[in-house]
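Summary of structural features
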Amino acid sequence: MVSGLGAALRIAAIASAGGFIAASIVAAVGLAAGRPSLRPVARAIALVAAAVLLILGARPAAQPFVAFAVVAALPAPQPLALALAGGAAVVAGLVPVTGLGSISLALAGAAAAMGAHALDRSLSAYLAQGRDAAWPSSAAGATACGVVIALDGGRALRWSYGVVSGSARLDVPDAGLVLGLTLLASLGGALLLGADALAVADAPAGPSAAASPLARSLGRRALLLAAGLSLIAAGLVFRAPAWGVAFPVAATKDLGALVVAVGLLSCAVPPLLAERIRGDALDDDQAATVLSRLVVVVALAAVLAAAAEGWLRAGTYLTPLTQRLLAAALLAFAASETARWRGAARALALAGLVVAMLR
Amino acid sequence: MRRLSTSTAVALMALALSLVTSPDLPFLERHPAVTGVVAGLTALFVFALLDRRAPRRLVGVGAATFALAVAYDGVRGEQGSITLVPGEAVRTFEDEGPGGRRLGLRPLGDAIVVEAVEPDGTIVLGQPEAQGRVRVSPGRAATVAGYRVGGPRRVGTRLVLRVSAGAQGEVALREGEKGSAGDLEITVARYFPDFALDEGQQPFSRSDAPNNPAALLDVTRGTASWRAFVIRALPGIHRPKGLDRTITLVDVAPDEAVVLSVHREPAALLAGLGLLVAAIGVAWSRW
């Protein structure tokens, strides 16, 4: 039976996640529409959401995700970082209460948030140069599609969803159906936008210039549909009667992933509607470079902390966590060094840090 | 050398090292030669970082220090496990090589005995000769005779296996253990306390209670080997082709044994120093 305090904390976490998603959408609209007045609004919403989440900071298992959300909210509001913070808020609210705290994971969370900001600034620089917004939006759709496929070992492809809790498998058929539809919608949006971007022969006059306005319109609507379906799927997973009195740990990460998918897909649409995205490409690029270096420093600090924790707790500094964080730090270092494919490299570094936090 | 120290080359080497370092992509366990390749790549990476102007060279110094420390511990360090039964003094531990390969027994330097097992999983170890006592908990390792001892876990069950229809014998084994019964060497590869098949006909355990115990065994005799399945409810159900013996799971017996991991890493401090220097080098680089 979930206690009253536990239920209240869950509600606070969900409200915080909603706040982060709202802030990410406001930030995306503000950037795309060239309305600087929306940025303080987005920042205020994000800071309030982060403040609510601080209540969960006392839970050792929630600390890395709280650290991620707080670091994502502190600097200038960026859509991707805030969307990921929404997922982190959900996970922070649903992880088990007991467990050992880990400074290394908290540092990894902070590094991952900085990595998300670096990737956001790279995307802003890309769009500020007048490039086609269909590519990043298509990538967002493809990422959301990949997230849905990754849930429950790809069973969304068979219109099925469930989690293994202890030794039993708990099936949620309603969520399986909606996840299948989400997969189709996000994949359709990604393919339509990607095909339209490929079909644009010359450099586009603006980020919304299209070879086929119909394809772009359908792709945009497919992404919005996928965002709505992700939200419904998240609700079905959260309220599944199969869970009984206890929420399975395996479903916690799935819920966080679905909330991230909602944020990603929602933020992918505003740039497609903009005539021209204003911004300082050079300033964004330089900020991304500085953030990338910071990510490496914090990631190395996380490796050092993990090595110390491993030696104190398990007797060896070469624990699986140390290795994962070291791999993530090397990825971040590669992203900070490379002169080409910076966006993809920074996305890879972010993925490495998130995987290290979640495993 | 100049080409190696370019940003693109360094980034590619860092990417390759991240792939082999990750424990989720076990490249090192696939072939022993991979370790040599990784060592060479690490050396190139370090040289490329060192071939830079200070303070960026500091990153190379830190990386070199860390790599040397890990290599030293890989060669001169020790790791293994020790199984303790309450009241029984033990002076050795099972040395393990890369990939968990067992290398035999190694002296611990002191006798240790389990004095108590607390409800939260903390093990109280006594050292009769040193007249000392240490506590090892799931969240805190301890130093015993120069070794770091940690990760206590209870070993709950032993499977009683009987070999018949020829050379006969009986052995009690825990999951992952190897023993002899009759003329066979048997290893319990996997144990299912409450065996069932899922919708994909894959085996799993419905619970941790021994309601329907079953096990997958690796059986060898000389150069021949077999994979056998035993289930207590259906004795002799599986007879691998070529094996002229019947293996039966007679019963499961509760076990009070405790397993602890044992490590000795003389270069641990150096590894930490290397990481710190590398982080300072990155922070101090031109932004």
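Before reading on, note that the structure itself is shown above.
Basis of the calculations
- Residues numbered from 1 in each chain as written.
- Chains lettered and ligands numbered in written order.
- Predicted model: local features only at pLDDT ≥ 70, side-chain atom pairs only at ≥ 80, totals over all residues.
- Heavy atoms only, no water.
- Contact = heavy atoms within 4.5 Å.
- Buried area = accessible area lost by both parts, 1.4 Å probe.
- Salt bridge = Lys/Arg side-chain N within 4 Å of Asp/Glu carboxyl O.
- Polar contact = N/O pair within 3.5 Å; in protein donor to acceptor, adjacent residues only side chain to side chain.
- Helix = DSSP H or I, 4+ residues; strand = E, 2+ residues; numbered from the N terminus.
- Pairing = 2+ DSSP bridges.
- Axes fitted to C-alpha atoms, helices over the stretch in contact; angles between N-to-C directions.
- Phe/Tyr/Trp six-rings, centres within 6.5 Å; stacked < 30°, edge-to-face > 60°.
- Buried < 20%, exposed > 50% of the residue type's maximum accessible area, 1.4 Å probe, protein only.
- Lys NZ or Arg CZ within 6 Å of the ring centre and 35° of its normal.
- Expected span 1.5 Å × (residues − 1).
- Arc of directions from axis to C-beta.
- Parallel < 35°, antiparallel > 145°, perpendicular 65-115°, else oblique.

1. Some words on the interface of chain A and chain B
Tallying the contact residues gives 34 residues for chain A and 49 residues for chain B. Summed over both partners, the interface of chain A with chain B buries about 3400 Å², with 65% contributed by carbon and sulfur atoms. Counting across the interface, chain A meets chain B through one salt bridge. Where A:R324 meets B:D24, a salt bridge forms, and the shortest distance between an N and an O atom there is 2.9 Å. At the boundary of chain A with chain B, the tally comes to eight residue pairs in polar contact (both at pLDDT 80 or more). Those elements giving two or more residues to the side of chain A that touches chain B turn out to be α11 (281-313), α12 (320-337) and α13 (342-358) of chain A.

2. Some thoughts on the sheet that holds strand β9 (residues 169-173) of chain B
Backbone-to-backbone hydrogen bonds join strands into a sheet, with any given pair of strands oriented parallel or antiparallel. Residue and element names in this part refer to chain B. The strand order across the open sheet built from three strands is β9-β8-β16, with neighbouring strands paired in antiparallel fashion. Edge positions in the open sheet fall to β9 and β16 (246-254), since each of these has one partner strand only. On average, adjacent strands in this sheet sit at an angle of 20° to one another, irrespective of strand direction. Judged from the eight bridges that link them, strand β8 (residues 157-164) and β16 form a sheet pairing that is antiparallel. Counterpart to V163 in the pairing with β16 is I247.

3. Focus: the packing of aromatic side chains
In the structure shown here, the tally under the stated rule is four aromatic pairs over all chains. Between B:F93 and B:Y147 the ring centres are 5.2 Å apart and the planes differ by 65°, which places this aromatic pair in the edge-to-face class. Here the residue B:F93 occupies a position in strand β2 (residues 90-96), and B:Y147 occupies one in strand β7 (residues 147-154), the gap between them amounting to 54 residues. When sorted by exposure, B:F93 lands in the same class as B:Y147, which is buried. One aromatic cluster is present, formed by B:F192, B:F195 and B:F229 through successive ring pairs. Taking NZ or CZ as reference, B:R148 lies 3.9 Å from the ring centre of A:W311, over its face. For B:R264, the ring lying beneath its charged end belongs to B:Y147, and the centroid distance is 5.1 Å.

4. Quick word on the sheet that holds strand β3 (residues 102-117) of chain B
All names here are of chain B. With respect to topology, eight strands assemble into an open sheet ordered β5-β4-β3-β2-β1-β17-β7-β6, the strand pairing being antiparallel. Lying at the two open borders of the sheet, with one neighbouring strand each, are β5 (132-136) and β6 (142-144). The average undirected angle you get between the axes of adjacent strands in this sheet is 45°. Pairing of strand β4 (residues 123-127) with β5, which is carried by five bridges, proceeds in the antiparallel orientation.

5. Comments concerning α13(A)
Residue and element names in this part refer to chain A. Taking 1.5 Å as the rise per residue, α13 with 17 residues should run 24 Å; its terminal C-alpha atoms sit 24 Å apart, in good agreement. Among all positions in α13, only A345, R346, A349, L350, G352, L353, A356 and M357 are buried. Down the axis, α13 shows its buried residues gathered within 155° of arc, on one side only.

6. Comments concerning the packing of helix α1 (residues 4-33) of chain A against helix α4 (residues 79-94) of chain A
Residue and element names in this part refer to chain A. Running from N to C, α1 and α4 cross one another at 175°; their axes reach a closest spacing of 8 Å. Classified by the interaxial angle, the pair formed by α1 and α4 is roughly antiparallel. On α4, the residues touching R10, A13, S16, A17, F20, I21, A23, S24, A27, A28 and L31 of α1 are P79, L82, A83, A85, G86, A89, V90, G93 and L94.

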